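Report on the structure
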Amino acid sequence: MKLLVCISKAPDTTSKIDFTDNNTKFNEAGVQYIVNPYDEWYALVRALELKETLGGSVTTITVGNAGDDAIIRKALAIGADDAVRINAEANDAYYTAFQIAEYAKAGGFDIVFTGKETINYNGSQVGGMIAEIMGLPYISLAEKLDMNGSTATINREMKGGIEVVEVNTPFVISAAKGMAEQRIPNMRGIMAARTKPLQVVEPVACDELTTFTSYSLPPAKSACKYVDADNVAELVNLLHTEAKVI
Amino acid sequence: MSVLVYIDTLGGNIAKNAMEAVTYGSKIGSTTVVTNGPISNDALASLGNYGASKVLVDRSITVNDSSQITNLIATAVESTGADTVIISLDLTGRAVASRVSARLKAGLAVGAIALPEGDGHIKVNVFSGKAYGHVKINTAKKIIALTPNSIPVETTGGSAAVEDFNGNAGASTVIVKEVKKQEGDVLLPEAELVVSGGRGLKGPENWGMVEDLAKVLGAATACSRPVADIGWRPHHEHVGQTGVAIRPNLYIAAGISGAIQHLAGVNGSKVIVVINTDPEAPFFKAADYGIVGDAFDVLPKLKAEIEKFKAQN
Ligand SMILES: Cc1cc2nc3c(=O)[nH]c(=O)nc-3n(C[C@H](O)[C@H](O)[C@H](O)COP(=O)(O)OP(=O)(O)OC[C@H]3O[C@@H](n4cnc5c(N)ncnc54)[C@H](O)[C@@H]3O)c2cc1C
Ligand SMILES: Nc1ncnc2c1ncn2[C@@H]1O[C@H](COP(=O)(O)O)[C@@H](O)[C@H]1O
């Protein structure tokens, strides 16, 4: 099977979130970038497992600048065969999806994997857009994927539970928790990653449909009001009369 | 402005987040709703109460297929001439909104938490609720995916005209083999009250305290990630950066330290109550109300007090 995995970078989950340039830019000072957890732990690892049992190849694709090469090498160290980087800033989901779809169209991939969402923009946008541009089925929030020939059986999150669905390749899938277990790259993988192919492709022309013009932070929480453990009735009273939530 | 709101009624009912989306739409302009569920015309007419003037329904779409629903919405946009499409960011909306954006080449603002600002920018959640982004949509047609539980439902007393609609959905490419319904009465993503437990509860056998309190409150139950990872609780209860993000009115956390990745999934809650033996637990910094104490003592007491309160009110 030919598998394509979309890999994006995200600030480490403990990063302090603030903004510079009059609140128009994310403050990257001291921020460590990681592979977006959904892409790494679930999408990439499940793709590798399928390749290991069924044969084929796993290619990663990232829309980003040269600064993203470190996280791309990490994906290669975990086991991807080769990587593509579309040399552009991923500022807009449609722009990003268009670049990926443009590359994927020519590649004859059986499955295009994305993560459930990026943990910085939480958009869940790119996967659905790739599917629409390519005219493919899109199964979102998948927590289990098994292949039988060209038919996939997928458990996906649905309102009120889990739906087991079948779909034929090619399709686009977004991977959520449960799909696979995180893999830690070993020394051999890290060494091998250095020489695996990382192809840099120039972007095609595409409009950005949206622009983030500024950011803001939520107002600071007022201090916690403590209630004595022996006076739980007071908490119930506060929740009713002050907070008005019960 | 002409607004089209898509709501998911495949479950056979109108969920609260659907009412929110219709309320939101009707504050922007004249609102038509489009949907596809097995739901009566009377129930659909009641959407007028949230400001819809018309409801279009295509009951030929019987599974949750993002391609079919995208065809339906695109057809409805064309027939109504809508310039703004509103979709609630529930599990269906997450798959559909992005497809519709690509289909119409219309900019999508995902995770809106308020009405468009004066300059037309839309305020959305970013960084797992740790910040807001102000998004400008660069196209004439605009799509807004609204975060559930971020605006109040408002009623107008109106009633909407319901029309059968042909959404040109095409054939489905997704076959549903089985549906595994989640147990419990209240579903976590749309719950208004949530009781949650962490590693401090020591083992799955102690979750009765959490469930009992949830039951008297009418709340859903949740947990921290390690609790789901060790298998004390099912995966779908795990909240946080890598789990579900929730925005209930009340979040009660017992035996959870309040790691930054946990907070990322719950910091949209209106009110947070923290119960922890350690006065230095980081969660107290994000809490509105705190009890420094043993969950094994406090949870049963809290349940008893809530019962008393419910009996009186
Ligand atoms: C990339 C990444 C993503 C992550 N994503 C998530 C996520 O989505 N969600 C998430 O929850 N975590 C996530 N984590 C894990 C997170 O960092 C914490 O490890 C986790 O939230 C801790 O869970 P906990 O609070 O249940 O356990 P602990 O940190 O062990 O805390 C237990 C707490 O219980 C208290 N306690 C002990 N006994 C009692 C008692 N009898 N009564 C009351 N209190 C008691 C203790 O004082 C302590 O504060 C992530 C981590 C990483 C690195
Ligand atoms: N710049 C990017 N390059 C490659 N893949 C991306 C990029 N941005 C997002 N994706 C993929 O799309 C998924 C959803 O992202 P988002 O729409 O930003 O929530 C991510 O989990 C990635 O798999």
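Just so we're clear, the structure is a prediction, and the values are computed from it rather than from any experiment.

Quick notes on the rules
Positions within a chain are numbered from 1, following the residues in the order the chain's sequence is written. Chain letters and ligand numbers both follow the written order, the letters beginning at A and the numbers at 1. The model is predicted, so local features are restricted to residues of pLDDT at least 70 and side-chain atom pairs to those at 80 or more, both for listing and for counting; the totals for chains, interfaces and linings are taken over all residues. The basis for every side-chain value is the complete set of non-hydrogen atoms in the structure, without hydrogens or water. Secondary structure is summarised from DSSP: a helix means a run of H or I of at least four residues, a strand means a run of E of at least two, and numbering begins at the N terminus for each. A simple rule labels every residue: compare its accessible area, found with a 1.4 Å probe on the protein chains alone, to the largest value its type can have, and call it buried under 20%, exposed over 50%, or partly exposed in between. Two N or O atoms form a polar contact when they lie within 3.5 Å of each other; inside protein one atom must be a possible hydrogen donor and the other a possible acceptor, and for residues adjacent in sequence the pair counts only when both atoms belong to side chains. We call two residues contacting when some pair of their heavy atoms lies within 4.5 Å. At least two DSSP bridges between two strands are required for those strands to pair. What counts as an axis is a line fitted to C-alpha atoms, over the stretch in contact for a helix, and the angles between N-to-C directions run from 0 to 180 degrees. Oblique is the label for any angle not covered by the other classes, which are roughly parallel (under 35 degrees), roughly antiparallel (over 145) and roughly perpendicular (65 to 115). What makes a crossing left-handed is the near helix being turned counterclockwise from the far one by less than a right angle; a clockwise turn instead makes it right-handed. Amino acids are sorted into nonpolar (Ala, Val, Leu, Ile, Met, Phe, Trp, Tyr, Cys and Pro), charged (Asp, Glu, Lys and Arg) and polar (every other residue, Gly among them). A score from 0 to 100, pLDDT tells how confident the predictor is in each residue. Should a side-chain nitrogen of Lys or Arg be within 4 Å of a carboxyl oxygen of Asp or Glu, the pair is scored as a salt bridge. Buried area: the sum, over both parts, of the accessible surface (1.4 Å probe) that disappears when the two are put together. Like-charged residues are merged into a patch within 9 Å and nonpolar side chains (Val, Leu, Ile, Met, Phe, Trp, Tyr) within 5 Å, provided each residue has over 30% relative accessible area and no salt bridge. Only the protein chains shown count as cover for residues, and all accessible areas are computed by the Shrake-Rupley method using a 1.4 Å probe. Any residue with a heavy atom positioned within 4 Å of a molecule or strand is treated as near that molecule or strand. For our purposes a nonpolar core is just a set of buried Ala, Val, Leu, Ile, Met, Phe, Trp, Tyr and Cys residues, chained together by side-chain atoms within 4.5 Å. Directions pointing from the helix axis toward each C-beta atom define the arc.

Observations regarding the side chain of T96(A)
Residues and elements named next belong to chain A. Among the structural elements, T96 can be located in helix α3 (residues 93-107). Judged by relative accessible area, T96 falls into the buried class, the value being 10%. Engagement of the side chain of T96 in a polar contact is seen with the backbone oxygen of D92, the distance being 2.9 Å. In this view, T96 contacts V63, A90 and V126; residues no more than four positions away in its chain are not counted.

Considerations on the pairing of strand β15 (residues 289-292) of chain B
Sheet analysis places strand β15 (residues 225-226) of chain A next to β15(B), joined by two bridges and oriented parallel. Each bridged residue has a counterpart across the sheet, and for K225(A) the counterpart in β15(B) is Y289(B). Bridge count between strand β14 (residues 271-276) of chain B and β15(B): four bridges; the pairing is parallel. Note that in β15(B) the partner of N276(B) across the bridge is V292(B).

Observations concerning the packing of helix α2 (residues 69-78) of chain A against helix α5 (residues 187-195) of chain A
A pair of packed helices is captured by two measures, namely the crossing angle of their axes and the spacing between those axes. Residues and elements named next belong to chain A. Put simply, α2 and α5 touch, their axes get as near as 7 Å, and they point 125 degrees apart. As summarised for this structure, α2 and α5 are arranged oblique, according to the angle between their axes. Both α2 and α5 take part in a crossing whose hand is right-handed. Here R73, L76 and A77 of α2 lie close against α5, whose contacting residues are G189, I190, A193 and R194. Looking at the contact of α2 with α5 residue by residue, the class counts come to four nonpolar, one polar and two charged.

What to know about the confidence of the model for chain B
Per-residue pLDDT for chain B has a mean of 95; in total, 99% of the residues score no lower than 70. This prediction of the complex comes with two scores: 0.93 for pTM and 0.92 for ipTM.

Here we look at the pattern of salt bridges
All names here are of chain A. This structure, assessed with the given rule, holds 29 salt bridges over all chains. Here K74 and E40 are joined by a salt bridge, their closest N and O atoms 3.3 Å apart. Of the two residues, K74 is situated in helix α2 and E40 in helix α1 (residues 37-54); the sequence distance between them amounts to 34 residues. By relative accessible area, which is 33% here, K74 ends up partly exposed. Owing to a relative accessible area of 4%, E40 belongs among the buried residues under this scheme. The network of salt bridges with shared partners includes R46, E49, K144 and D146.

Some words on the interface of chain A and chain B
On the chain B side, the residues contacting the 78 residues of chain A number 84 residues. Buried area between chain A and chain B, both sides added, is near 7,000 Å², and the carbon and sulfur share of it is 59%. Between chain A and chain B we count seven salt bridges in total. Across the salt bridge formed by K301(B) and D230(A), the nearest N and O atoms sit 3.4 Å from each other. The tally of links between chain A and chain B comes to 37 residue pairs in polar contact (both at pLDDT 80 or more). When its residues are assigned to classes, the side of chain A that touches chain B shows 42 nonpolar, 22 polar and 14 charged.

Focus: a nonpolar patch on the surface
Residues and elements named next belong to chain A. Taken together, the side chains of M187, I190 and M191 present a nonpolar region at the surface, about 290 Å² in accessible area. Position of M187 among the secondary structure elements: in helix α5. By relative accessible area, which is 56% here, M187 ends up exposed.

Considerations on the site of ligand 1
Not every one of the 29 residues close to ligand 1 is listed here, only the nearest: R199(B), S224(B), S257(B), Q261(B) and N276(B). Close to ligand 1, residues of chains A and B are found. In the model, an oxygen atom of ligand 1 is placed 3.1 Å from a nitrogen or oxygen of the G255(B) main chain. Between ligand 1 and S257(B), the relevant distance is 2.7 Å, taken from an oxygen atom to a main-chain nitrogen or oxygen of the residue. Relative to its unbound accessible surface of 990 Å², ligand 1 loses 79% to contact with the protein. Listing elements by their share of the shell around ligand 1, those giving two or more residues are α6 (225-229), α7 (260-266), β14 and α9 (295-312) of chain B. Partitioned by chemical class, the residues of the shell around ligand 1 number eight nonpolar, 16 polar and five charged.

Considerations on the sheet that holds strand β13 (residues 198-201) of chain A
Reading across from one edge, β13(A)-β7(A)-β6(A)-β1(A)-β8(A)-β12(A)-β9(A)-β10(A)-β11(A)-β10(B) is the order of the 10 strands in this open sheet, with mixed pairing throughout. Single-partner strands in this sheet number two, and they are β13 of chain A together with β10 (175-181) of chain B. Averaged over all pairs of adjacent strands, the angle between strand axes in this sheet comes to 30 degrees, irrespective of strand direction. Where strand β1 (residues 2-6) of chain A meets strand β6 (residues 57-64) of chain A, five bridges bridge the pair, whose relative direction is parallel. Note on β6(A): the bridge partner recorded for L4(A) is T59(A).

Regarding the nonpolar core
Among the nonpolar cores identified, the biggest contains 52 residues, and Y94(A), V34(B), I73(B) and I87(B) are the most heavily contacted of them. At eight residues, the largest contribution of residues to this core is made by α3(A). Ignoring anything within four residues of it in the chain, the contact list for I87(B) reads Y6(B), I73(B), G93(B), V96(B), A97(B), V100(B), I144(B), A145(B) and L146(B).

Description of the site of ligand 2
Residues and elements named next belong to chain A. Around ligand 2 lies a shell of 19 residues, among which D39, V63, T118, S124 and Q125 are the nearest. C6 has a polar backbone atom sitting 3.0 Å from an oxygen atom of ligand 2. One nitrogen or oxygen atom from the main chain of G115 is found 2.9 Å from an oxygen atom belonging to ligand 2. Summarising the interface, the protein chains cover 93% of the accessible area of ligand 2, which totals 480 Å² for the free molecule. Where the shell around ligand 2 is concerned, the elements lending two or more residues are β6, α3 and β8 (111-115). Top contributing element to the shell around ligand 2 by residue count: β6, with three residues. Its residues assigned to classes, the shell around ligand 2 shows seven nonpolar, 10 polar and two charged.

A closer look at helix α5 (residues 208-217) of chain B
Residue and element names in this part refer to chain B. Within α5 the residues assigned to the buried category are M209, V210, L213, A214, V216 and L217. With its buried residues spanning 165 degrees around the axis, α5 presents them on a single face. Its buried side turned inward, α5 meets β11 (193-197), β12 (220-223), β13 (250-254) and α9. Positive backbone phi, approximately 75 degrees, marks G218, located one or two places after α5.

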